[in-house]
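# Understanding the architecture of this molecule
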Amino acid sequence: FPGCPVRSQSDNDIYDGVLCPQDLVNMVEAAGFDVDAPTLTRFVMANTRDLELVILMNAISTSCKLITSAVQRAGVAKLYGLAGEMNSTGDDQKKLDVMSNDMMINALVNSGVCSVLVSEENEEPIIVPKEKAGKFCVAFDPLDGSSNIDCNVSVGTIFSVYEKKADSEGTEEDLLRSGADCVCAGYCVYSSAVELVFTFQGGDVHGFCLDPSVGEFVHTRPKMLFPEDGGKKIFSCNEGNVNYWDQPIQDAVAEFKKGPKPYTARYVGSMVADIHRTLLYGGIYLYPADNKSPKGKLRCLYEGIPMAMITEQAGGIASTGMFEGKIQRVLDLIPDAIHCKCPILMGGKRDLQVVYDQYKKAGIETPEL
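Residues numbered from 1 in each chain as written. Predicted model: local features only at pLDDT ≥ 70, side-chain atom pairs only at ≥ 80, totals over all residues. Heavy atoms only, no water.

## Re the state of the cysteines
One pass over the structure, following the stated rule, counts zero disulfides. There is no disulfide at Cys300, and the cysteine sulfur nearest it, in Cys342, is 4.2 Å away. (Disulfide = S-S within 2.5 Å.)

Structure (structure tokens):
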């Protein structure tokens, strides 16, 4: 380094009591600090140059940090248990559901870049006051899998982002569009580590891990992809519903369990946790329509579409299975209400092909993968 005196090893890296630049670098590295950490904000700015999108992602990441704190302190802060209410889809609300929802709404309303919000916890859309309104419309499930929170199982946040239409002042109609119009989709999983995974329209999928020492999401998983060979042989579904499924789905799951080396069953019951594992390890996730829930169980706007967008842009496949008379892509669905539901089959080509082959055997017109 210029200006750094020549020294021998006997100088013990100190010359006249002055540390040289290389000494400082060595000290920082030894302490485990990254002086050039690729943070979420820097990533979004570098890849979009859209200041409003940077602000939006900052608001979402701030919400995720607040929810992280609430989840981690749920026991000592006595946040377990029911809040005594039901959400928009008839599920009992937990205390953490209500708190997480308030955190998301407050952050997004006050970001100045949103015009309409749709939350699983609210029956009606939230229209942002004009003086705070911006171009984005956000749909979200603030705490997916919260039925598991009391037993300390992984939970998460899921969101999808649209831009309001050019001639719109901001209404729920701006969100009732197919996944082709979704500009950003993501989820955050709260577990042994907190990871925020998202993708922009037509882009790659990237993962960011929350570094608690600095309170920032740091880029740790660039260009996430499904394993090319299909990855681990894992199927993930609620087999308690098997008697309600259509015959091809039953036959496909039976196929997964056949042979000398059958697939492993893994089902958490928190969609974020199950999809995150499937994305990283491979396999297939199934939540099909059935006789009990003919329209499926998962919400299209803030569960199906965002997870399908992430899945497809990571090289996977997101299908509805048999739904409303045909097999189709989840991203082609057009929601007819903000809380409408849809079925979901997500995974790599190897495993979706097993399901599609069973539909073909049943004489059902099946798209080629």
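## So, the sheet that holds strand β13 (residues 284-287)
Here we have six strands laid out as an open sheet, ordered β12-β11-β13-β18-β15-β16, and mixed in their pairing. Taken across any chain shown, the strands that pair with only one partner, and hence form the sheet edges, are β12 (264-265) and β16 (326-329). Against the sheet, helix α8 (residues 349-361) contacts β13, β15 (317-323), β16 and β18 (344-347), and its axis sits at roughly 15° relative to β15. (Pairing = 2+ DSSP bridges. Helix = DSSP H or I, 4+ residues; strand = E, 2+ residues; numbered from the N terminus. Contact = heavy atoms within 4.5 Å. Axes fitted to C-alpha atoms, helices over the stretch in contact; angles between N-to-C directions.)

## Topic: the sheet that holds strand β8 (residues 194-200)
As summarised here, the arrangement of the eight strands in space is β4-β3-β5-β6-β7-β8-β9-β10, forming an open sheet in which the pairing is mixed. Where the open sheet ends on each side, the last strands, each with one partner, are β4 (126-127) and β10 (216-224). Strand direction decides the pairing type here: strand β3 (residues 114-119) and β4, joined by two bridges, are antiparallel. Across the sheet, the residue bridging to Leu117 is Ile126, located in β4.

## A look at helix α4 (residues 95-109)
Between the first and last C-alpha of α4 there are 21 Å, a value that for 15 residues agrees with the 21 Å anticipated at 1.5 Å per step. Among the residues of α4, those classed as buried are Leu96, Asp97, Ser100, Asn101, Met103, Met104, Ile105, Ala107, Leu108 and Val109. (Expected span 1.5 Å × (residues − 1). Buried < 20%, exposed > 50% of the residue type's maximum accessible area, 1.4 Å probe, protein only.)

## Re the packing of aromatic side chains
Any two aromatic rings considered together are summarised by their centre-to-centre distance and by the angle between their planes. Evaluation of the coordinates by the stated rule reveals six aromatic pairs. For the ring pair Phe43 and Phe208, a centre distance of 5.2 Å and an interplane angle of 70° mean the geometry is edge-to-face. You can see Phe43 sitting in helix α2 (residues 40-48) and its partner Phe208 sitting in strand β9 (residues 205-211), a full 165 residues away along the chain. For Phe43, a relative accessible area of 13% corresponds to the buried category. We classify Phe208 as buried; its relative accessible area is 0%. Grouping aromatic residues by their ring pairs yields a cluster made of Phe43, Phe198, Phe200 and Phe208. Over the ring of Tyr281 we find Lys232, and its NZ or CZ is 4.3 Å from the ring centre. (Phe/Tyr/Trp six-rings, centres within 6.5 Å; stacked < 30°, edge-to-face > 60°. Lys NZ or Arg CZ within 6 Å of the ring centre and 35° of its normal.)

## Re the confidence of the model for the chain
Averaged over every residue, the pLDDT of the chain is 90; the share at 70 or more is 85%. Across residues 10-15, confidence stays below pLDDT 50; counting only partners more than four residues off in sequence or on other chains, it has eight contacts. (pLDDT = per-residue confidence, 0-100.)

## Observations concerning the nonpolar core
Membership of the largest hydrophobic core comes to 44 residues, with the highest contact counts inside it found for Leu56, Leu108, Leu117, Phe159 and Phe198. Ranked by residues supplied to this core, first place goes to helix α3 (residues 51-72) with 10 residues. Residues contacting Phe198, with those up to four places away along its chain left out, are Leu40, Phe43, Val44, Met57, Phe159, Ala185, Gly186, Asp204, Val205, His206 and Phe208. Among the nonpolar cores identified, the runner-up in size contains 42 residues, and Cys182, Met224, Val330 and Leu333 belong to it. (Core = buried A, V, L, I, M, F, W, Y, C linked by side-chain atoms within 4.5 Å.)

## Looking at the side chain of His219
Within the secondary structure, His219 is located in strand β10. Side-chain polar atoms of His219 contact the side chain of His206, separated by 3.0 Å. Excluding residues within four positions of it along the chain, His219 makes contact with Pro38, Phe43, His206, Gly207 and Phe208. (Polar contact = N/O pair within 3.5 Å; in protein donor to acceptor, adjacent residues only side chain to side chain.)

## Here we look at the pairing of β13
Within a regular strand, the side chains alternate between the two sheet faces. In β13, alternate side chains face the same way, and those of Ile284 and Leu286 on one face and Tyr285 and Tyr287 on the other are all buried. Sheet analysis places strand β11 (residues 234-236) next to β13, joined by two bridges and oriented parallel. Considered in β13, the bridge of Phe235 is made with Ile284. Across four bridges, β13 lies against β18 in antiparallel orientation. Residue Leu286 lies in a different strand from β18, and its bridge partner there is Leu345.

## Remarks on the packing of helix α6 (residues 271-281) against helix α7 (residues 300-313)
The angle between the axes and the distance between the axes are what describe a pair of packed helices. Between α6 and α7, whose axes approach to 12 Å, the crossing angle comes to 15°. Relative to α7, the element α6 lies roughly parallel. The way α6 lies across α7 gives a crossing that is right-handed. Residues Met271, Val272, Ile275 and Leu279 of α6 form the contact with α7, whose own contacting residues are Glu303, Met307 and Ile310. Tallied by class, residues from the contact of α6 with α7 come to six nonpolar, no polar and one charged. (Parallel < 35°, antiparallel > 145°, perpendicular 65-115°, else oblique. Left-handed = near helix turned anticlockwise from the far one by under 90°. Nonpolar A, V, L, I, M, F, W, Y, C, P; charged D, E, K, R; others polar.)

## Description of unusual backbone geometry
Phi at Lys223 takes a positive value of approximately 45°, unusual for a residue other than glycine. One can find Lys223 in strand β10. By relative accessible area, which is 54% here, Lys223 ends up exposed. The phi angle at Glu324 is positive, at roughly 55°, despite the residue not being glycine. Topologically, Glu324 is positioned in the loop between β15 and β16.

## Notes on the pattern of salt bridges
Enumeration over the complete set of coordinates arrives at 17 salt bridges. Two residues, Arg42 and Asp36, come together in a salt bridge whose shortest N-O distance is 2.8 Å. The partly exposed category is assigned to Arg42, whose relative accessible area is 41%. Between Glu216 and Lys65 there is a salt bridge, with the nearest N and O atoms lying 4.0 Å from each other. Within this pair, whereas Glu216 is found in strand β10, its partner Lys65 is found in helix α3, the two being separated by 151 residues in sequence. Taking the relative accessible area as the measure of exposure, Lys65 reaches 24% and is therefore partly exposed. In the salt-bridge network here, residues are joined through shared partners; they are Asp50, Glu52, Lys135 and Glu163. (Salt bridge = Lys/Arg side-chain N within 4 Å of Asp/Glu carboxyl O.)

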